[in-house]
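# Architecture and fold: a report
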Amino acid sequence: MSRFNVACLQLSLPYGDNRTHIAQMIARTMRRFPWVHMVVLPELSTFGSDKKFAQALPGEAERCYQDLARQHGIWLVPGSLYEQTPRGIYNTTPVIDPQGEVITRYRKMYPFHPYESEVLGGDQFVVFEVPGVGRFGVSICYDMWFPETIRAMVWQGAEVILHPTMTGTIDRGRELLIAQSNAVCNQCYFLDVNNAGDLGNGRSIFVGPEGEVLHQAGEQTEIVPLQLDLARVRAA
């Protein structure tokens with residue numbers, strides 16, 4: 001199967017515990033688009049950027065997302081969470097399969113200073129297999145400003161880059177260019193999903209393997225369903 005359906009949720013969210021609203025939005029997405037195989041959320045959308053919500057993984061918030069993935073029978077990439085470890089805090093994205101199992105976690109390599117000055121950087125690229133479909137890589141926000149990160153995942157076979165972000169700064173326009181450049185230079189899909197509301201300024205962008213913009217969101221809540229054709233990656 002070369003075609004795979006992904007729904008990216010650009011959500012207008014406040015600071016605080018957003019799990020109930022996120023669960024409602026995932027349910028709404030699956031009612032409207034029952035053919036979706038995977039749902040991707042923005043960076044730190046669960047609690048915002050307050051590090052007081054950092055928790056060990058596995059933990060309560062991650063288990064909530066495991067239950068949602070199992071309930072809806074979908075792959076779920078729930079943005080990211082601040083992960084508390086004995087060494088310190090990481091900005092971490094879990095990847096959850098349709099059986100509710102966490103198959104991998106990615107720790108953001110380049111925390112954005114000064115906002116994440118107390119956050120440690122990860123040191124492992126994450127590429128995972130969707131059986132019968134292809135390989136997906138995970139990147140978080142500021143990571144994409146360093147083109148070697150995307151190239152390394154493509155070298156490992158990634159055909160789709162999932163890129164949760166939380167951007168509310170005036171350089172969002174530049175990020176749209178970087179997302180498009182990463183896609184065309186590496187001949188891969190690049191799915192950049194941003195927060196809106198208090199947590200970001202939206203304008204999520206979704207780019208195909210020849211640099212074509214599949215969709216650019218506005219600045220409010222949007223559910224963006226996309227059909228990816230990985231045969232186009234292989235042809236490119």
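Shown above is the structure to which this text applies.
So, here is what we can say about the structure in this document. (Residues numbered from 1 in each chain as written. Predicted model: local features only at pLDDT ≥ 70, side-chain atom pairs only at ≥ 80, totals over all residues. Heavy atoms only, no water.)

### Some thoughts on the side chain of Arg19
What counts, and what does not: Secondary structure elements follow DSSP: runs of H or I no shorter than four residues count as helices, runs of E no shorter than two count as strands, and numbering proceeds from the N terminus. Note on classification: 1.4 Å probe, protein chains only; a residue is buried when its accessible area is under 20% of the maximum for its type, exposed when over 50%, partly exposed between these limits. We call two residues contacting when some pair of their heavy atoms lies within 4.5 Å.
As for its placement among the helices and strands, Arg19 is situated in helix 1 (residues 19-32). Among the residues examined, Arg19 registers a relative accessible area of 18% and is labelled buried. Residues in contact with Arg19, not counting those within four places in the same chain, are Thr46, Phe47, Glu60, Ala61, Cys64 and Tyr65.

### So, the pattern of salt bridges
Put simply, the test is: Salt bridge criterion: a side-chain nitrogen from Lys or Arg within 4 Å of a carboxyl oxygen from Asp or Glu.
Inspection of the entire model under this criterion finds 14 salt bridges. The shortest N-O distance in the salt bridge between Arg19 and Asp17 comes to 2.7 Å. Overlapping salt bridges bring together Asp17, Arg19 and Glu60 as one network.

### A closer look at the pairing of strand 12 (residues 189-194)
For the record, the criterion: The crossover handedness rule: strands pointing away from the viewer, path from first strand over the helix to second strand clockwise, crossover right-handed.
Among the six residues that make up strand 12, six are buried, leaving the element largely enclosed by the rest of the structure. Going residue by residue along strand 12, you find Tyr189, Leu191 and Val193 tucked away on one face and Phe190, Asp192 and Asn194 tucked away on the opposite face as well. In this fold, the crossover linking strand 11 (residues 160-165) to strand 12 by way of helix 4 (residues 172-186) has right-handed handedness.

### Let's talk about the layout of surface pockets
Where empty space is left can be seen by rolling a probe of water-molecule size over the atoms. Cut-off, in case you're wondering: Only protein atoms enter the 1 Å grid, on which a cavity is a set of points fitting a 1.4 Å probe that cannot get out and a pocket is an open set with protein on both sides within 12 Å along at least 5 of 7 lines, lining residues being those with an atom within 4 Å of a point. Grid points are joined across faces, edges and corners, and a volume is the space filled by probe spheres set on the points. Ten residues, namely Ala, Val, Leu, Ile, Met, Phe, Trp, Tyr, Cys and Pro, are considered nonpolar, four, namely Asp, Glu, Lys and Arg, are considered charged, and the remaining ones, Gly among them, are considered polar.
Volume-wise, the largest pocket comes out at about 360 Å³. Lining the largest pocket are 22 residues, and of these Phe112, Tyr115, Met166, Thr167 and Gly168 sit closest to its centre. Residues belonging to the lining of the largest pocket are distributed by class as follows: ten nonpolar, five polar and seven charged.

### Focus: the environment of Thr20
Residue position: Thr20 is located in helix 1. Taking the C-alpha atoms as reference, Thr20 lies 9.9 Å from Cys64; in sequence the two are 44 residues apart.

### Quick notes on the packing of aromatic side chains
Basically, it comes down to this: Here a Phe, Tyr or Trp ring, Trp counted by its six-membered ring, pairs with any other such ring whose centre lies within 6.5 Å, and the pair is stacked when the planes are under 30 degrees apart, edge-to-face when over 60, and tilted otherwise.
Taken as a whole, this structure holds ten aromatic pairs when the rule is applied. With a centroid separation of 4.7 Å and an interplanar angle of 5 degrees, the aromatic rings of Phe47 and Phe53 are classed as stacked. Under the relative-accessibility criterion, Phe53 is labelled partly exposed at 24%. Three or more aromatic residues link up through ring pairs in this structure, and these residues are Tyr110, Phe112, Tyr115, Tyr142, Trp145 and Phe146.

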